[in-house]
Amino acid sequence: MNASALLAGAATRHITPNLDARPVFLAGFQNDRRATAIDTDLYVRALALRLDERIAVIVACDLIGLDRSDVLDVRAALAAHGIDPSGLIVACTHTHSGPDTLGLWGPDRYISGVDPLYLAAVKQAIVEAAMEALTFCCPARMRCAMTRLPGYIANFRDPDIVDDDVAALQFVKLDGEVIATLLNLACHPEVLDGDSTLISADYAGYACREVETRVGGVALHVSGALGGMLSPDTHDRTPAWAERMGRAYADAALAALEASAVIDADRLEVRRTEFDLPLVNPLLLMAQQMGVLRVRQPVNGAITTSCTFIDLGLAQIITIPGELLPRLGFKLKAALPGPCKILVGLADDEIGYILPDDEFVPPADYLNPGKQYEESMSIGPTTGSRILAAAQGLIGDQP
């Protein structure tokens with residue numbers, strides 16, 4: 001075997017909560033929305049890549065988001081097993097029909113909705129899936145593609161700015177068997193809205209199931225710059241429409257991949273940067289003081305977060321620790337050399353909405369923000385420019 005051959009592996013773990021054990025508070029809309037039934041199961045899905053001594057592991061979780069502290073726990077657990085965690089990315093699909101893993105959607109706005117036992121099980125599932133994917137890596141080739149998904153996404157903050165790009169990466173064994181397919185789209189998984197009490201991975205879960213059924217292997221969805229507010233363009237808030245959107249998403253990605261050549265991937269570069277961001281949002285600070293959100297322990301008024309860049313030659317991946325607005329998403333994707341450009345939001349952290357600095361208008365009342373909802377869920381007015389600078393610096397950095 002060629003010493004410089006790319007190796008790829010994939011694994012999954014089931015993380016659907018037990019509705020009979022304890023109340024499950026659903027995340028993403030109002031407080032005290034308790035799950036009553038299961039539409040689709042939730043999963044942790046892992047893709048591992050190796051090239052010589054270099055490792056990258058991308059884990060996609062069917063969850064609203066995870067705090068940086070959760071990801072640090074996973075990194076520590078991998079390190080305890082002798083695995084270098086520096087190439088790990090833990091991203092969340094941001095489904096609004098999964099358990100509260102952040103704290104904001106408990107029985108009321110003053111009580112966290114996080115179940116510590118469930119969260120511990122999720123972190124263990126991430127560790128197990130990452131380790132299994134790494135253990136069973138095998139020689140692989142790659143195909144990558146870009147296409148669009150018109151007609152399914154609307155921007156409810158700024159209707160003139162919609163990102164309907166679909167990016168797809170597929171890794172196959174030398175005999176052509178599919179190992180994993182990575183899907184990327186910028187849209188909130190919230191076909192099922194606040195009236196629903198179903199557990200669901202929403203359109204993203206249906207898309208992954210469709211891909212796995214049609215071509216095999218493990219399918220992962222990672223969310224793009226979905227902030228402010230890229231959401232499904234429908235009044236039909238049913239599982240049937242979520243399945244319809246998921247199938248359309250899968251159709252577009254698979255058609256684009258089928259038209260793309262399979263190539264020998266001989267590049268895997270991973271770069272990561274940590275940086276500080278001022279935390280000046282009084283609502284989020286109050287939520288930490290009350291124990292609704294995990295305490296970030298700001299140093300000099302700033303919290304630490306990170307971005308990661310993965311270069312696979314014809315495809316590049318850049319991660320963002322929250323919900324980037326599409327205006328900034330377009331700028332960041334333009335900095336990627338391509339041709340396949342993947343922006344992974346809600347990666348290794350969830351700091352909330354990330355707005356362009358010139359678009360940030362502080363709410364007069366953070367508890368009733370009106371049109372400034374995204375600002376009320378953002379850590380501060382300079383978050384956008386600071387994250388953009390950090391990510392662009394990674395992309396332009398030469399090893």
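Data block above holds the structure.
Every value quoted in this text rests on a predicted model; they were computed, and no experiment measured them.

Observations concerning the packing of helix H6 (residues 326–335) against helix H8 (residues 383–396)
Taken N-terminus to C-terminus, the directions of H6 and H8 make an angle of 15°; their axes are 10 Å apart at the nearest point. Judged by the inter-axis angle, H6 sits roughly parallel to H8. Both H6 and H8 take part in a crossing whose hand is right-handed. Where H6 abuts H8, its residues Leu-328, Lys-331, Leu-332 and Ala-335 lie against Gly-384, Leu-388, Ala-391, Gln-392 and Ile-395.

A few points about the nonpolar core
Ranked by internal contacts, the top residues of the largest apolar core, which has 36 residues, are Ile-15, Val-44, Val-59, Cys-61, Leu-63, Leu-66 and Ile-126. Of all elements in the fold, only strand S1 (7–14), strand S3 (43–51), strand S4 (54–61), helix H1 (68–80), strand S5 (88–92) and helix H2 (116–135) reach the threshold of two or more residues within this core. With ten residues, H2 is the largest single contributor of residues to this core. For Ile-126, the residues in contact, after removing those within four places along its chain, are Val-44, Val-59, Cys-61, Leu-66, Val-74 and Val-90. Among the nonpolar cores identified, the runner-up in size contains 35 residues, and Leu-279, Cys-307, Leu-332 and Leu-394 belong to it.

A closer look at helix H5 (residues 282–289)
Along an α-helix, residues three or four positions apart point the same way, because every turn accommodates 3.6 residues. Considered for burial, the residues of H5 that qualify are Leu-283, Leu-284, Ala-287 and Gln-288. The buried residues of H5 occupy an angular sector of 140° when the element is viewed end-on, so they sit on one face. Against helix H7 (373–376) lie the buried residues of H5. If you check the start of H5, you find a side-chain oxygen 2.8 Å away from the backbone N of Leu-283, and it comes from Asn-281.

Calculation rules
- Residues numbered from 1 in each chain as written.
- Predicted model: local features only at pLDDT ≥ 70, side-chain atom pairs only at ≥ 80, totals over all residues.
- Heavy atoms only, no water.
- Axes fitted to C-alpha atoms, helices over the stretch in contact; angles between N-to-C directions.
- Helix = DSSP H or I, 4+ residues; strand = E, 2+ residues; numbered from the N terminus.
- Parallel < 35°, antiparallel > 145°, perpendicular 65-115°, else oblique.
- Left-handed = near helix turned anticlockwise from the far one by under 90°.
- Contact = heavy atoms within 4.5 Å.
- Core = buried A, V, L, I, M, F, W, Y, C linked by side-chain atoms within 4.5 Å.
- Buried < 20%, exposed > 50% of the residue type's maximum accessible area, 1.4 Å probe, protein only.
- Arc of directions from axis to C-beta.
- Polar contact = N/O pair within 3.5 Å; in protein donor to acceptor, adjacent residues only side chain to side chain.

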